[in-house]
Amino acid sequence: MTIIVTGGAGFIGSNFIFHMLRQYPDYRIVCLDKLTYAGNLSTLKGVMDAPNFRFVRLDICDREGVNALFEEEHPDIVVNFAAESHVDRSIEDPSVFLQTNIIGTSVLMDACRKYGIRRYHQVSTDEVYGDLPLDRPDLFFTETTPLHTSSPYSSSKAGADLLVLAYHRTFGLPVSISRCSNNYGPYHFPEKLIPLMIINALADKPLPVYGTGENVRDWLYVEDHCRAIDLIIHKGREGEVYNVGGHNEMRNIDIVKLICKTLGKPESLITYVADRKGHDMRYAIDPTKIHTELGWLPETKFCDGIQKTIEWYLTHRDWWQEIVSGEYRNYYARMYGDRT
Ligand code: NAD
Ligand code: TYD
């Protein structure tokens, strides 16, 4: 079995590669990644020399390159993690989101049609459903909730989802889609909420909370997401969408306070900054379908996962220090420079 994992030098893709190499030592895993600002080859250094692993630097929008790789590898399964993934960046400049997230997806699926495939899996997000109001805790996203996006990021992911389902209906491509809630855990890029707050708190820097900090996200430990995708590509039904989430709703401000408490840092570091444009209030997944059809349940509770994550950032300073000292700094200045 050969699996092409796109975006495998990023946060979730790398964790998925580690999971698959551990679970299926006889599978061949080919990681295809453009290595944008979010891709980090040092994340993969522990598996780089494994005989059943190959890394290829490639843009998923590069049709010729993608076709050549399929010609060489004849993959059985493609799991597409490659994406521009940060909402704030999509507000700054939507164009690359449309290119990678939509056009890139079509290039990959065209190659799947041309060379044949057992399964094309699209890693999507709960953000395609838009948001839920804070005063309706009884509401959750199901797979039939209408797509109703807020940001250029979520719109590009929704566009890709529609295209994936169209390739299934029109061309009979064997596809599946997972729509997961916010992930956290090791190798999470330091511009996202949890790693950013841990790293800033360690340096006694301000902790920039958007708006009032009351926005709610449904957090899932990354390994639980990887197990869900593993199940879907092996046992999930073709043409189906599966929501993935663990009923772990938390307000942003409570997460930031918890990080302060765990690191022994004062809450006075918390700085309220201008809100994100179009900021979604609440995400909450109903995971009944994946539970009843595939038996999936999250294994890591938020209280344990967040402690493990903080511990990981404390013991892997080299990994994130390399990132925060590079291009990331320029981005950080642009994003937060005149925001406070
Ligand atoms: P990430 O930004 O950490 O990683 C993205 C990876 O894709 C990077 O390695 C980057 O180099 C690569 N990439 C970007 N453009 C590319 C291109 N044109 N060609 C090839 N490679 C390219 O993202 P992540 O947080 O690991 O998210 C992975 C996927 O999961 C995304 O599709 C995202 O929409 C989805 N998702 C993420 C979350 C979350 O909480 N992080 C939740 C639900 C779904
Ligand atoms: P983020 O990690 O960017 O994920 P997403 O926008 O995809 O949910 O942000 C999570 C939440 O944290 C979101 O409500 C925005 C908020 N946030 C802050 O308050 N401050 C920050 O510096 C960042 C990066 C995010």
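Structure first, text after, so check above.
Residue positions within a chain follow its written sequence, with the count starting from 1. Each chain gets a letter, beginning with A, and each ligand a number, beginning with 1, in the order they are written. For this predicted model, a pLDDT threshold of at least 70 governs which residues receive local features, and a threshold of 80 or more governs which side-chain atom pairs are given and counted, while totals over whole chains, interfaces and linings are taken from all residues. Hydrogen atoms and water are omitted, and side-chain values are computed over all heavy atoms in the structure.

Turning our eyes to something else, we now look at the overall build of the protein chain. By the criteria applied, helices consist of DSSP H or I runs no shorter than four residues and strands consist of E runs no shorter than two, each listed in order from the N terminus. Summing up its helical and strand segments, the protein chain has 12 helices and 13 strands in all. The globule rule used here is 2.2 Å times the number of residues to the 0.38 power, and the radius of gyration it is set against is calculated over C-alpha atoms. For a compact globule of 340 residues, the expected C-alpha radius of gyration is about 20 Å, and the protein chain comes in at 19 Å, within 12% of that figure. When the backbone C-alpha atoms are referred to their principal axes, the protein chain occupies close to 55 × 45 × 35 Å. Buried means the residue's accessible area, taken with a 1.4 Å probe over protein chains only, is under 20% of the maximum for its type, while exposed means over 50%, and partly exposed covers the values in between. The buried share among the 340 residues of the protein chain stands at 58%. It only takes one pair of heavy atoms within 4.5 Å for two residues to be counted as in contact. In the protein chain, once contacts between residues fewer than 6 apart in sequence are set aside, the share between residues at least 24 apart is 83%. Each accessible area is a Shrake-Rupley result for a 1.4 Å probe, and residues are judged covered by the shown protein chains and nothing else. Split by element, the accessible area of the protein chain, about 14,000 Å² in all, is 51% carbon and sulfur.

Only heavy atoms are used to decide nearness, and a residue is near a molecule or strand if one of them lies within 4 Å of it. Close to ligand 1 lie 28 residues, the nearest being Ile12, Asp33, Ser85, Tyr153 and Lys157. One of the backbone N or O atoms of Val123 is found 3.5 Å from an oxygen atom in ligand 1. Think of a polar contact as two N or O atoms within 3.5 Å of one another; within protein, one of them needs to be a possible hydrogen donor and the other a possible acceptor, and neighboring residues in sequence only count if both atoms come from side chains. One nitrogen or oxygen atom from the main chain of Asn183 is found 2.8 Å from an oxygen atom belonging to ligand 1. Protein contact buries 97% of the 830 Å² of open area that ligand 1 shows by itself. Elements represented by at least two residues in the shell around ligand 1 include exactly helix 1 (11–23), strand 5 (119–125) and helix 5 (152–171). Per-element tally for the shell around ligand 1: the top contributor is strand 5, with 3 residues. Looking at side-chain class alone, the shell around ligand 1 contains 13 nonpolar, 11 polar and 4 charged residues. Residue type decides the class: Asp, Glu, Lys and Arg count as charged, Ala, Val, Leu, Ile, Met, Phe, Trp, Tyr, Cys and Pro as nonpolar, and the leftover types, Gly among them, as polar.

Within the secondary structure, Arg179 sits in strand 6 (residues 175–180). Only 2.8 Å separates the side chain of Arg179 from the side chain of Asp161, close enough to count as a polar contact.

To continue, consider the pattern of salt bridges. Note on definitions: salt bridges are taken to be side-chain nitrogens of Lys or Arg within 4 Å of carboxyl oxygens of Asp or Glu. Counted under the stated rule, the structure contains 20 salt bridges. Here Asp59 ties to Lys34 by a salt bridge, and the two come within 3.4 Å at their closest N and O atoms. Here Asp59 is found in the loop between strand 3 (53–57) and helix 2 (63–73), whereas its partner Lys34 is found in the loop between strand 2 (28–33) and strand 3, with 25 residues between them in sequence. Note on Lys34: relative accessible area 36%, which makes it partly exposed. Residues Asp88 and Arg276 are paired through a salt bridge, measuring 2.7 Å at the closest nitrogen-oxygen approach. A residue pair is termed long-range when its members are at least 10 positions apart, and Asp88 in helix 3 (residues 87–92) and Arg276 in the loop between strand 13 (270–273) and helix 9 (288–294) qualify at 188 residues. For the residue pair Asp88 and Arg276, the accessibility class agrees, reading buried in each case. Via salt bridges that share partners, Arg28, Arg54, Glu72 and Glu73 belong to a single interconnected network.

Before going further, it helps to examine empty space enclosed by the protein. Any empty space left between atoms is shown by rolling a water-sized probe over those atoms. Of the two site types, the cavity is a set of points on a 1 Å grid over the protein atoms alone where a 1.4 Å probe fits but cannot get out, and the pocket is an open set with protein on both sides within 12 Å along at least five of seven lines, each lined by residues with an atom within 4 Å of a point. Grid points are joined across faces, edges and corners, and a volume is the space filled by probe spheres set on the points. In this structure the tally under the stated criterion is 2 cavities of 30 Å³ or more. The volume enclosed by the second largest cavity comes to roughly 60 Å³. Val87, Glu127, Ser150, Ser151, Ser154, Arg217, Arg276, Lys277, Gly278, His279, Asp280 and Tyr283 together form the lining of the second largest cavity. Within the lining of the second largest cavity, the residues separate by chemical class into 2 nonpolar, 5 polar and 5 charged.

All right, on to the side chain of Asp218 then. In this structure, Asp218 sits in strand 9 (residues 216–218). The charged-residue count follows a simple rule in which Lys and Arg add positive charge and Asp and Glu add negative charge, with His and chain termini not counted at all. It turns out Asp218 is buried and unbridged, and the closest side chain with the opposite charge, Arg282, is 7.5 Å from it. Within the structure, the side chain of Asp218 is placed 3.5 Å from the backbone nitrogen of His247, a separation counted as a polar contact. Discounting residues that sit within four places of it in the chain, Asp218 has contacts with Ser181, Asn182, Gly245, Gly246, His247, Asn248, Glu249, Tyr283, Ala284 and Ile285.

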